[in-house]
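# Descriptive structure summary
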Amino acid sequence: MKAIRATILFLAVFSIAMGYFESVVVIYLRELFYPNGFQFPLAVIPQKIAVVEFWREAATIIMLLMMGIIAGKNTAQRFSFFLLCFGVWDIFYYIFLKLLLHWPASLFTQDILFVIPVPWVGPVLAPCLVSLTMIVLTLCVVYYHEKDIRVTISNKEWLIFILGAAVVVLSFTWDYLQYISLNNGSIWTPVSQAALFDEIPHFIPQDFNWWLFSAGELFLIAGIFLMVYRHRKLTYN
């Protein structure tokens, strides 16, 4: 029991430090490309810097994933510990941006979240809600671990989690994909010679698709509920 709590604390501290590191990198990028403050449309980033940024984002996800794999003892733990790292990292990234830059102005401020494989855009509140959902799933796994119940994720639950994640990602990329479709634009890739965001010089996010996002969140919550319900029956048997 003490061991898993120590692991959670270790992962949380690591993820908070990663959140600070991420916020500092973004501060540097904003000083370079948004000296008057971040805003849409997005500034064009030279191809050389864009490729570096693309792979930096990929490296961040790999580091968080590796922490989950190292800390977990089975598939469910590894998956949930990765989600814990991701959730804490993401939330503290915004906390540090608020402390250091006094940004975002509100939870509904639009932000560019990722550029893999296409730009993800949405209000700050949305990724924070997803991060909280990730943390809740981890806490459920830890709760049953402390009751000496080996947590597993069934095929049905995996399917629901994957579907929910796909819908959430679609909600973040919805505006960009619509813009590209309506303006006959092209999707940037690291192997292209074009500058990043050069294909969307006038892209300003419109209304975030909260309905699509909410549907994805409901799938994720349903997956957690099914997992908890299945293990709850084991608790009383």
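Residues numbered from 1 in each chain as written. Predicted model: local features only at pLDDT ≥ 70, side-chain atom pairs only at ≥ 80, totals over all residues. Heavy atoms only, no water.

Side-chain pairs of opposite charge can arise whenever the charged atoms involved come near each other. Within the structure shown, the criterion is met by four salt bridges. As a salt-bridge pair, Asp-111 and Arg-30 come within 3.7 Å of each other at their nearest N and O atoms. Of this pair, Asp-111 sits in strand E1 (residues 110-114) while Arg-30 sits in helix H1 (residues 2-33), placing them 81 residues apart in sequence. Of the charged contacts in the structure, one is a salt bridge between Arg-230 and Glu-157, with a shortest N-O distance of 2.8 Å. With Arg-230 in helix H6 (residues 210-235) and Glu-157 in helix H5 (residues 155-182), this residue pair connects regions lying 73 residues apart in the sequence. Under the relative-accessibility criterion, Arg-230 is labelled partly exposed at 25%. You can call Glu-157 buried: its relative accessible area is 3%. (Salt bridge = Lys/Arg side-chain N within 4 Å of Asp/Glu carboxyl O. Helix = DSSP H or I, 4+ residues; strand = E, 2+ residues; numbered from the N terminus. Buried < 20%, exposed > 50% of the residue type's maximum accessible area, 1.4 Å probe, protein only.)

Orientation of helix H3 (residues 75-101) relative to helix H4 (residues 125-146), taken along the N-to-C sense of each, is 140°, at an axis distance of 8 Å. The handedness of the crossing between H3 and H4 is left-handed. Contacts from Gln-77, Phe-79, Ser-80, Phe-81, Leu-83, Leu-84, Phe-86, Gly-87, Val-88, Asp-90, Ile-91 and Tyr-94 in H3 reach Pro-127, Cys-128, Ser-131, Leu-132, Met-134, Ile-135, Leu-137, Thr-138, Val-141, Val-142 and His-145 in H4. Looking at the contact of H3 with H4, its residues break down into 16 nonpolar, six polar and one charged. (Axes fitted to C-alpha atoms, helices over the stretch in contact; angles between N-to-C directions. Left-handed = near helix turned anticlockwise from the far one by under 90°. Contact = heavy atoms within 4.5 Å. Nonpolar A, V, L, I, M, F, W, Y, C, P; charged D, E, K, R; others polar.)

Turning our attention to empty space enclosed by the protein. In the structure shown here, the tally under the stated rule is one cavity of 30 Å³ or more. In this structure, the largest cavity encloses a volume near 40 Å³. Looking at the largest cavity, the residues that line it are Gln-110, Val-121, Ser-171, Phe-172, Trp-174, Asp-175, Pro-205, Asp-207, Phe-208 and Asn-209. Among the elements that line the lining of the largest cavity, the one with the most residues is H5, at four residues. (1 Å grid on protein atoms, 1.4 Å probe; cavity = no way out; pocket = protein on both sides within 12 Å on 5 of 7 lines; lining within 4 Å. Points joined across faces, edges and corners; volume = space filled by probe spheres on them.)

Time to look at the layout of surface pockets. One number sums up the size of the largest pocket: a volume of about 960 Å³. Lining of the largest pocket is provided by 44 residues; of these, Phe-86, Trp-89, Leu-113, Phe-114 and Trp-120 occupy positions nearest its centre. Residue assignment for the lining of the largest pocket shows that the elements contributing at least two residues are H1, helix H2 (47-71), H3, E1, H4, H5 and H6. Top element by residues in the lining of the largest pocket is H3. It accounts for eight residues.

Position of Asp-175 relative to the elements: it lies in helix H5. Here Asp-175 is buried and forms no salt bridge, its nearest opposite-charge partner Arg-30 lying at an N-O distance of 16 Å. Excluding anything up to four places from it in sequence, Asp-175 contacts Phe-203, Pro-205, Gln-206 and Asp-207. (Lys, Arg positive; Asp, Glu negative; His and termini not counted.)

Confidence in the prediction for the chain averages 90 pLDDT; 97% of positions are at 70 or higher. Taking the mean pLDDT of every element in the chain, the minimum, 90, falls on H6 and the maximum, 95, on strand E2 (residues 120-123). (pLDDT = per-residue confidence, 0-100.)

Following both chains from N to C, one finds H2 and H3 inclined at 135°, their axes separated by 7 Å at the closest point. With respect to their mutual orientation, H2 and H3 come out oblique. Taken as a pair, H2 and H3 cross one another with a handedness that is right-handed. Facing Thr-60, Ile-61, Leu-64, Leu-65, Met-67, Gly-68, Ile-69 and Ala-71 of H2, the residues of H3 in contact are Gln-77, Arg-78, Phe-81, Phe-82, Cys-85, Phe-86 and Trp-89. (Parallel < 35°, antiparallel > 145°, perpendicular 65-115°, else oblique.)

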